[in-house]
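Single-letter residue listing:
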Amino acid sequence: MKDGTVIGWILLPELRDKLLTSDEVDVLNGYHEMWIKIAPDWREALSLKNAIEDRITKGKYGGKPRPGGPRSTLCISSQVGCKMGCTFCATGSMGFKSNLSTTEIVEQLVHASRLSPIRNVVFMGMGEPLNNYNALVEAIRVMTTFPFQLSPKKITVSTVGIIHAINKLHGDLQNINLAVSLHAPVQDIRCQIMPAARAFPLEKLMNDLAEYQKKSQQKIFIEYIMLDGVNDEEQHAHQLGRLLDTFEVVLKNLLKILNR
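Residues numbered from 1 in each chain as written. Predicted model: local features only at pLDDT ≥ 70, side-chain atom pairs only at ≥ 80, totals over all residues. Heavy atoms only, no water.

Observations regarding the pattern of salt bridges
Opposite charge on two side chains lets them pair, provided their charged atoms get close.
Piece 1. Scanning all chains against the criterion turns up 2 salt bridges.
Piece 2. The partner of Asp208 in a salt bridge is Lys204, with the nearest N and O atoms 3.2 Å apart. Taken as a pair, Asp208 and Lys204 lie in helix α7 (residues 202-216) at a separation of 4 residues, close to a single helical turn.
Piece 3. A residue is classified by how much of its surface remains accessible, and Asp208, at 9% relative accessible area, is buried. (Salt bridge = Lys/Arg side-chain N within 4 Å of Asp/Glu carboxyl O. Helix = DSSP H or I, 4+ residues; strand = E, 2+ residues; numbered from the N terminus. Buried < 20%, exposed > 50% of the residue type's maximum accessible area, 1.4 Å probe, protein only.)

As structure tokens, then:
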């Protein structure tokens, strides 16, 4: 991003080639475990992801296996179903069923840890985490203490932008990562694909995110799914750049979904 203009979309084809040929690991800006899905379909995206991770691993560890063996990222659910109703999300189509308890949330980590050492936890599974706020906070507190002892910096909470909960989050859980499902640079498009956005106006959300960042002094992850003919035009890229111009953000989960 430069001068309020997103240049990443224009450079994606070149970036894709560079990731597979360059010896510069810094091309990923230091986010060595970030998934980059910039391929036309999921099969090619998965192949690309594996090739990138293989190159990074060889560059980082001199071709040797990672010390201590493989480490995994666990995607955790906080609810059964979801009431947000996002049009691009399968969970949104099933409606809300129930909140998971603190125990049920932590139990996902317990079972996953039996299969692989868990290094990162992302609350990006089923449900809106901040709509199950108390159980979320208690679960993360458990995860950061014995026997799990995860670093708060290795935990990411994703939200559609529940403003009142975001305002509480830093006070209750310091040093965790916040990811915001933005998916549109203007309010009307956001409401079209994310009905819950009507309750959380974009201008108010961005003001509160600015305050959150000021308090936390942390970058905010911005998630953006490009929907064919909806939010993927050049004007949307420029609008997104202007919207995020004053923020310290990481743009991730930049996916392209085509109408078939």
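Back to the write-up after that little detour.
Quick word on the packing of aromatic side chains
Piece 1. Using the criterion set out here, one finds 0 aromatic pairs in the structure.
Piece 2. Seen from the ring of Phe96, Lys83 lies directly overhead, with NZ or CZ sitting 4.9 Å from the centre. (Phe/Tyr/Trp six-rings, centres within 6.5 Å; stacked < 30°, edge-to-face > 60°. Lys NZ or Arg CZ within 6 Å of the ring centre and 35° of its normal.)

What about the nonpolar core?
Piece 1. Core analysis: the largest hydrophobic core is formed by 55 residues, its most contacted members being Val121, Phe123, Leu130, Met143 and Leu209.
Piece 2. Ranked by residues supplied to this core, first place goes to helix α4 (residues 133-143) with 7 residues.
Piece 3. Excluding its chain neighbours within four sequence positions, the residues that come into contact with Leu130 are Leu136, Val157, Thr159, Ile162, Ala165, Ile166 and Leu169. (Core = buried A, V, L, I, M, F, W, Y, C linked by side-chain atoms within 4.5 Å. Contact = heavy atoms within 4.5 Å.)

Some points on the environment of Pro117
Piece 1. Within the fold, Pro117 resides in the loop between α3 (102-113) and β4 (118-123).
Piece 2. Judged by relative accessible area, Pro117 falls into the partly exposed class, the value being 47%.
Piece 3. Residues Pro117 and Leu74, spaced 43 residues apart in sequence, show a C-alpha to C-alpha distance of 9.7 Å.

Regarding unusual backbone geometry
Piece 1. Between Phe146 and the following residue, Pro147, the backbone shows a cis peptide bond with an omega angle of 10 degrees.
Piece 2. With respect to the helices and strands, the residue Pro147 is situated in the loop between α4 and β5 (155-159).
Piece 3. In this structure, Gln149 is a non-glycine residue whose phi angle is positive, near 55 degrees.
Piece 4. As for its position among the elements, Gln149 is in the loop between α4 and β5.
Piece 5. Positive phi values are uncommon outside glycine, yet Gln217 reaches one of about 60 degrees.
Piece 6. Tracing the backbone through its elements, the reader meets Gln217 in the loop between α7 and β7 (220-227).

Observations concerning α3
Piece 1. An ideal rise of 1.5 Å per residue puts 16 Å on 12 residues; α3 measures up with 17 Å between its terminal C-alpha atoms.
Piece 2. Within the span of α3, buried status applies to Ile105, Val106, Leu109 and Ala112. Down the axis, α3 shows its buried residues gathered within 115 degrees of arc, on one side only. (Expected span 1.5 Å × (residues − 1). Arc of directions from axis to C-beta.)

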